[in-house]
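Fold and contact review
One letter stands for each residue in the lines below.
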Amino acid sequence: MTTDSGPGALAPRSWLAGPVGGEVSDAALRQVLLGLPGVDQVATAERTASLATRSIKREAKLWALTMAIRMVDLTTLEGADTPGKVRDLCAKARRPDPADPAVPPVAAVCVYPDLVREARAGVAGTPIAVASVATAFPSGRASLAVKLADVAEATAAGADEVDMVIDRGAFLAGRYAQVYEEVRAVRQACGTAHLKVIPETGELATLDNTARAAWLAMLAGADFIKTSTGKVTPAATPPVALVMLSAVRDFAEATGRRVGVKVAGGIRTAKDAIRYLVLVREIAGPQWLTPDLFRIGASSLLNDLLMQRSKQLTGAYAGPDYFTLD
């Protein structure tokens, strides 16, 4: 184990034995989660502020902008969503800039379960994944049976990825076994689809709770941990991302299994996206700089990434009207 006492200090391997290899109970999980090193909020804020000042050379910036495009989960999660809007979203996901075929497609499109089939048809023949929110998104206030039915609808329609929300009330009340069992059940219901688990960090109040929720989700089988639904303020923040990235790094060191991180909510500019890529490299490591292990959930970010990429290549801004609306 590491001697690092910062926000990402590695949990001893023995902490993993209870919930993974033995009986799952609130007591066993409490021993693991409350035994995690505490997060120094001041040090975390200072570290993220320091990394935000990093300057990036032109060549590296072009690479970062292109990589950020590849990492986008292009998202529409509104009550007024229509099949036509999803078709337009998929067209944008396939060819973000129709005038520049060198611009790569995004990682995924993310929609509600009832629109998965439309999205599946819209990205057919491409490597773009279809992600669907589920488990009574965004509140998570439903029975397990309802949540599993939600997952079944999404996967039957062809979802490659499922974004689930945890029961924050159960987590904050210390009913860790309930949350663990729900994540395990959803993981099983997903079959071959990847599972992203959303703790909704804006409702967890502390960075310590963020770290505990991240570990709980990973112990239960999450393929990704995701900051937020985008429906609660604050959503993604650099300190929260740092804690999550530290957690996946340490979990990989302890177990040998790499879990991805998705930041979502409030990320609207290329500058914001690049700051998160710097965090990924410095905290988790360069092996996480891939769409397989890092995603950015966004609806309005993509156009700014395209504008900034065009500026890097041509020296002039194309302007927001040059690109299609997200």
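Residues numbered from 1 in each chain as written. Predicted model: local features only at pLDDT ≥ 70, side-chain atom pairs only at ≥ 80, totals over all residues. Heavy atoms only, no water.

**Here we look at helix 4 (residues 58-71)**
- With 14 residues, helix 4 should reach 20 Å at 1.5 Å per residue; the first-to-last C-alpha distance of 20 Å fits that figure.
- All of the buried residues in helix 4 are Ala64, Leu65, Thr66, Met67, Ala68, Ile69 and Met71.
- Looking at the buried positions of helix 4, the neighbouring elements they touch are strand 1 (72-75), helix 12 (270-284), strand 8 (294-298) and helix 13 (301-314). (Helix = DSSP H or I, 4+ residues; strand = E, 2+ residues; numbered from the N terminus. Expected span 1.5 Å × (residues − 1). Buried < 20%, exposed > 50% of the residue type's maximum accessible area, 1.4 Å probe, protein only. Contact = heavy atoms within 4.5 Å.)

**Things to note about the environment of Arg187**
- The topology assignment puts Arg187 in helix 9 (residues 176-190).
- Classification of Arg187 as buried rests on a relative accessible area of 16%.
- As for Arg187 and Leu148, which are separated by 39 residues in sequence, their C-alpha atoms are 9.8 Å apart.
- If we skip the residues at most four places from it in the chain, Arg187 touches Ala193, His194, Leu195, Ala220, Gly221 and Asp223.

**A short note on the packing of aromatic side chains**
- As enumerated under the stated definition, the model contains 3 aromatic pairs in all.
- Judged by centre distance (6.2 Å) and plane angle (75 degrees), the rings of Tyr112 and Phe137 are edge-to-face. In this pair, Tyr112 is assigned in the loop between strand 2 (108-111) and helix 6 (116-122) and Phe137 in the loop between strand 3 (129-134) and helix 7 (144-156), connecting sequence segments 25 residues apart.
- For the pair Trp215 and Phe251, a centre-to-centre distance of 5.6 Å together with 75 degrees between the ring planes defines the contact as edge-to-face. On the criterion of sequence distance, the pair formed by Trp215 in helix 10 (residues 207-219) and Phe251 in helix 11 (residues 238-255) is long-range, its members being 36 residues apart.
- On the basis of relative accessibility, which here comes to 4%, the residue Trp215 falls in the buried class.
- For Phe251, a relative accessible area of 4% corresponds to the buried category.
- The ring centre of Trp288 lies 5.6 Å from the NZ or CZ of Arg258, which sits over that ring. (Phe/Tyr/Trp six-rings, centres within 6.5 Å; stacked < 30°, edge-to-face > 60°. Lys NZ or Arg CZ within 6 Å of the ring centre and 35° of its normal.)

**What about the packing of helix 3 (residues 41-52) against helix 11?**
- Where helix 3 meets helix 11, the axes come as close as 9 Å, and the angle between the chain directions of the two elements is 100 degrees. When the axes of helix 3 and helix 11 are compared, the pair comes out roughly perpendicular. Contact with helix 3, carried on its side by Thr44, Arg47 and Thr48, involves Pro238, Pro239, Leu242 and Val243 of helix 11 and no other residues of that element.
- Of the residues contributing to the contact of helix 3 with helix 11, the split by class is 4 nonpolar, 2 polar and 1 charged. (Axes fitted to C-alpha atoms, helices over the stretch in contact; angles between N-to-C directions. Parallel < 35°, antiparallel > 145°, perpendicular 65-115°, else oblique. Nonpolar A, V, L, I, M, F, W, Y, C, P; charged D, E, K, R; others polar.)

**Side note on the pattern of salt bridges**
- Inspection of the entire model under this criterion finds 19 salt bridges.
- Note that Lys231 and Glu78 form a salt bridge whose closest N and O atoms lie 3.6 Å from each other. With Lys231 in the loop between strand 6 (224-226) and helix 11 and Glu78 in the loop between strand 1 and helix 5 (83-94), this pair connects stretches of sequence that are 153 residues apart.
- What makes Lys231 partly exposed here is its relative accessible area of 38%. (Salt bridge = Lys/Arg side-chain N within 4 Å of Asp/Glu carboxyl O.)

**A look at the layout of surface pockets**
- Quantified by volume, the largest pocket comes out at close to 430 Å³.
- Taken together, 22 residues form the lining of the largest pocket, with Thr75, Glu78, Gly230, Ala298 and Ser299 sitting closest to its centre.
- Of all the secondary structure elements, the ones that give two or more residues to the lining of the largest pocket are helix 5, strand 7 (260-264) and strand 8.
- In the lining of the largest pocket, the residues fall into 6 nonpolar, 9 polar and 7 charged. (1 Å grid on protein atoms, 1.4 Å probe; cavity = no way out; pocket = protein on both sides within 12 Å on 5 of 7 lines; lining within 4 Å. Points joined across faces, edges and corners; volume = space filled by probe spheres on them.)

**Quick look at helix 13**
- With 14 residues, helix 13 extends 20 Å from end C-alpha to end C-alpha; this agrees with the ideal 20 Å at 1.5 Å per step.
- Across the 14 residues of helix 13, 11 count as buried, placing the element largely inside the fold.
- Buried residues of helix 13: Leu301, Leu302, Asn303, Asp304, Leu305, Leu306, Met307, Gln308, Arg309, Ser310 and Gln312, and no others.
- Following helix 13 by one or two positions, Gly315 adopts a phi angle in the positive range, close to 85 degrees.

**So, the nonpolar core**
- Within the largest apolar cluster, 91 residues are counted, with the highest numbers of intra-cluster contacts made by Val109, Phe294 and Leu305.
- The contacts of Leu305, once residues within four sequence positions are left out, are Leu65, Ala68, Ile69, Val72, Ala270 and Ala273.
- If you look at the next biggest cluster of nonpolar residues, it comprises 7 residues, including Leu77, Val133, Phe137 and Ile198. (Core = buried A, V, L, I, M, F, W, Y, C linked by side-chain atoms within 4.5 Å.)

**Some thoughts on the sheet that holds strand 4 (residues 161-165)**
- Taken together, 8 strands build a closed barrel; the order of strands is 1-2-3-4-5-6-7-8 and the barrel is parallel. Neighbour-to-neighbour, the strand axes of this sheet turn through a mean angle of 25 degrees, independent of strand direction. (Pairing = 2+ DSSP bridges.)

**Description of the pairing of strand 4**
- When you tally the buried positions in strand 4, you get 5 out of 5 residues, the bulk of the element.
- Burial along strand 4 is two-sided: Glu161, Asp163 and Val165 facing one way and Val162 and Met164 facing the other are all buried.
- Where strand 3 meets strand 4, 4 bridges bridge the pair, whose relative direction is parallel. When the bridges of strand 4 are listed, Ser132 appears paired with Val162.
- Regarding the hand of the β-α-β motif, the stretch spanning strand 3, helix 7 and strand 4 is right-handed.
- The sheet contact formed by strand 4 and strand 5 (residues 194-198) spans 5 bridges and is parallel. Bridging across to strand 5, Asp163 finds its partner in Lys196. (Right-handed = clockwise from strand over helix to strand, strands pointing away.)

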